[in-house]
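# Reading the structure
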Amino acid sequence: MKIALITGASGDIGSSVAKKLAEDGWSLYLHYHSNKEKINSIIREFIEKYPKQEFFSVQANLEQDDAIDRLKEQIFSLNAIVFSHGITEYGLLNELASEKMDQLWKMHVKIPILITQAFQNKIHQDNQGRIVFISSVYGEMGSSNEVFYSTVKGAQIAFVRAYSKEVASWGITVNAVSPGAVNTHMNQHYTEMEITNLLDDIPIGRMGRPEEISFWVKQILKKESSYMTGQVLTVSGGWLK
Ligand SMILES: NC(=O)c1ccc[n+]([C@@H]2O[C@H](COP(=O)([O-])OP(=O)(O)OC[C@H]3O[C@@H](n4cnc5c(N)ncnc54)[C@H](OP(=O)(O)O)[C@@H]3O)[C@@H](O)[C@H]2O)c1
């Protein structure tokens, strides 16, 4: 049985990753922070559709260091991790409080790295472990008004590049999928005018759909993707590239 942890499986991109991996035969640990109902409903659906696979919910606040112990208590064998949780913060850097920086840093960088550390030995056991970060084009190109978010997304990419080298000989691949603007809960605050301006800048002329991101995560988790590591796969409709 191959089993993956998806953080933020209650989110729009994370739940789409869950659907694609379940279709592909994966058993799953589905992490959520507050949206227990959504995870329960996903699990009910999966148990009915895929009775031979196993699905577990795991709850943790990934802003807090004790999240690592919570996950360790709930997770036993593990072949892959997809980091798909997160929040952003809009506004000028001058107005960003130090506490907000700590929150974004912990959630996007420190806690995922601690989780990776905690589960490295389990993941390397079958010699084809997979780690995927859902980063962002902002982590590659940067954005005003989301400077600190761009910074932590860029740090995820730096981690992917470095850590992939350290664990390559154990068959663990470490990659990032870097979405552009995807139509999810995270972007619901955009006004109509902001969306029009944004779409003018995206060569494909529309926002992405979660399944256009999760498709690539599914490919990276396949056995046949074993020779790709340390890479950033940009899926942005041509935006910011
Ligand atoms: N949407 C985009 O345009 C876009 C573009 C580039 C990159 N991304 C990245 O894609 C990832 C997923 O975003 P999304 O668009 O799918 O957003 P979303 O639908 O808002 O999902 C956010 C997820 O993060 C979880 N989360 C929030 N606070 C948390 C906390 N304190 N501890 C643990 N989990 C927490 C949420 O859990 P609960 O709902 O259970 O609280 C939810 O599962 C993020 O890393 C984001 O930066 C998104």
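Coordinates for the structure precede this section.
Residues numbered from 1 in each chain as written. Predicted model: local features only at pLDDT ≥ 70, side-chain atom pairs only at ≥ 80, totals over all residues. Heavy atoms only, no water.

### Focus on the overall build of the protein chain
Definition in use: Labels follow the DSSP assignment, with helices taken as runs of H or I lasting at least four residues and strands as runs of E lasting at least two, numbered in each case from the N terminus. We take the radius of gyration over the C-alpha atoms and set the globule estimate at 2.2 Å times the residue count to the 0.38 power. The rule is simple: take the accessible area with a 1.4 Å probe, protein chains only, and divide by the maximum for that residue type; under 20% is buried, over 50% is exposed, in between is partly exposed. Between two residues, a contact is recorded if the distance between any of their heavy atoms is within 4.5 Å. Reported accessibility uses the Shrake-Rupley method at a 1.4 Å probe radius. Residues are deemed covered only where the shown protein chains occlude them. In this tally, Asp and Glu contribute negative charge and Lys and Arg positive charge; neither His nor the terminal groups of the chain are included. By convention, the point assigned to a charge is CZ for Arg, NZ for Lys, CD for Glu and CG for Asp.
Along the backbone of the protein chain there are eight helices and seven strands. Here the C-alpha atoms of the protein chain give a radius of gyration of 17 Å, agreeing with the 18 Å that 2.2 N^0.38 yields for 241 residues. Overall size of the protein chain, expressed as C-alpha extent along the three principal axes, is 50 × 35 × 35 Å. In the protein chain, which comprises 241 residues, the share counted as buried stands at 49%. Sequence separation of at least 24 residues holds for 74% of the intrachain contacts in the protein chain that already meet a minimum separation of 6. For the protein chain, the exposed area adds up to about 11900 Å²; of that, 50% sits on carbon and sulfur atoms. Once the 24 positive and 27 negative side-chain charges of the protein chain are each reduced to a mean point, those two points are 8 Å apart.

### Quick word on the side chain of histidine 108
Tracing the backbone through its elements, the reader meets histidine 108 in helix H4 (residues 98–123). Looking at histidine 108, the relative accessible area reads 1%, which means it is buried. For histidine 108, the contacting residues outside a window of four places in its chain are His85, Gly86, Ile87, Phe133, Tyr149, Val152, Lys153 and Gln156.

### A word on unusual backbone geometry
The phi dihedral of asparagine 127 falls on the positive side, at around 65 degrees, and the residue is not glycine. Its location among the elements puts asparagine 127 in the loop between H4 and strand S5 (130–134). At asparagine 145, a residue that is not glycine, the phi angle is positive and equals roughly 70 degrees.

### Quick notes on the sheet that holds strand S7 (residues 232–235)
Rules: By this definition, two strands are paired if DSSP reports at least two bridges between them. Angles here are taken between N-to-C directions and fall from 0 to 180 degrees, while the axes themselves are lines fitted to C-alpha atoms, restricted in helices to the stretch in contact.
Taking strand neighbours across the sheet as the criterion, the seven strands line up as S3-S2-S1-S4-S5-S6-S7 in an open arrangement whose pairing is parallel. Two strands in the sheet have a free side with no partner beyond their single neighbour: strand S3 (55–59) and S7. With strand direction ignored, the average angle separating the axes of adjacent strands in the sheet is 15 degrees. The strands touched by H4 are strand S1 (3–7), strand S4 (80–83) and S5; relative to S4, the strand with the most contacts, the crossing angle is about 170 degrees.

### Quick word on the pattern of salt bridges
Put simply, the rule reads: Here, a salt bridge means any Lys or Arg side-chain nitrogen found within 4 Å of an Asp or Glu carboxyl oxygen.
Overall, the coordinates contain nine salt bridges when judged by the stated rule. Of the charged contacts, one joins glutamate 212 and arginine 206 as a salt bridge, the two residues approaching to 2.7 Å between their closest N and O atoms.

### Let's talk about the site of the ligand
The cut-off we apply is this: It suffices for a single heavy atom of a residue to lie within 4 Å of a molecule or strand for the residue to be listed as near it. Between N or O atoms, a polar contact is any pair within 3.5 Å; within protein, one atom must be a potential hydrogen donor and the other a potential acceptor, and residues adjacent in sequence are included only when both atoms are from side chains.
Within the structure, the ligand sits among 33 residues, and Ser10, Ser34, Tyr149, Thr184 and Asn187 are positioned closest to it. Serine 34 is positioned such that a nitrogen or oxygen atom in its side chain is 2.5 Å from an oxygen atom of the ligand. Tyrosine 149 places a polar side-chain atom, nitrogen or oxygen, 2.5 Å from an oxygen atom of the ligand. When the free accessible area of the ligand is taken as 910 Å², the share hidden by the protein chains comes to 92%.

### Side note on the pairing of S1
Where we set the bar: The handedness rule is simple: strands pointing away from the viewer, and a clockwise path from the first strand over the helix to the second, make the crossover right-handed.
Here S1 lies mainly inside the structure; five of its five residues are buried. Side chains Ile3, Leu5 and Thr7 project from S1 onto one buried face, and the interleaved Ala4 and Ile6 project onto a second face that is buried too. Pairing geometry for S1 and strand S2 (residues 27–32), over four bridges, is parallel. Pairing of leucine 5 across the sheet is with tyrosine 29, part of S2. Crossover connection from S1 via helix H1 (residues 12–23) to parallel S2: handedness right-handed. Summarising the sheet, S1 and S4 pair through four bridges and their orientation is parallel. Paired with alanine 4 across the two strands is alanine 80, which belongs to S4.

### Let's talk about the packing of aromatic side chains
Each aromatic ring pair is characterised by the separation of its centres together with the angle its planes make. As a reminder of what qualifies: Two aromatic rings from Phe, Tyr or Trp, using only the six-membered ring of Trp, form a pair when their centres are within 6.5 Å; if the ring planes differ by under 30 degrees the pair is stacked, by over 60 it is edge-to-face, and anything between is tilted.
Applying the stated criterion to the full structure yields nine aromatic pairs. With centroids separated by 4.7 Å and ring planes inclined at 35 degrees, the aromatic side chains of phenylalanine 83 and phenylalanine 133 adopt a geometry described as tilted. Here phenylalanine 83, found in strand S4, pairs with phenylalanine 133, found in strand S5; they are 50 residues apart in sequence, far enough to count as distant. Judged by relative accessible area, which is 2%, phenylalanine 83 ranks as buried. Feature note: the residues Phe83, Phe133, Phe159 and Tyr163 constitute an aromatic cluster, connected by ring pairs.

### Structural notes on the packing of H1 against helix H8 (residues 210–221)
Threshold: An angle below 35 degrees is treated as roughly parallel, one above 145 as roughly antiparallel, one from 65 to 115 as roughly perpendicular, and anything else as oblique. Note on convention: the crossing is left-handed when the near helix lies turned anticlockwise from the far helix by less than a right angle, right-handed when the turn is clockwise. In this count, Pro and Cys sit with the nonpolar residues alongside Ala, Val, Leu, Ile, Met, Phe, Trp and Tyr, while Asp, Glu, Lys and Arg are called charged and the others, Gly among them, polar.
Packing of H1 against H8 leaves a shortest axis separation of 8 Å and a crossing angle of 45 degrees. Here H1 lies oblique to H8, going by the angle between them. The two elements H1 and H8 meet at a crossing, and its hand is right-handed. In contact with Asp12, Ile13, Ser16, Val17, Lys20, Leu21 and Glu23 of H1, H8 contributes Pro210, Glu211, Ile213, Ser214, Phe215, Val217, Lys218 and Leu221. Split by residue class, the contact of H1 with H8 holds eight nonpolar, two polar and five charged.

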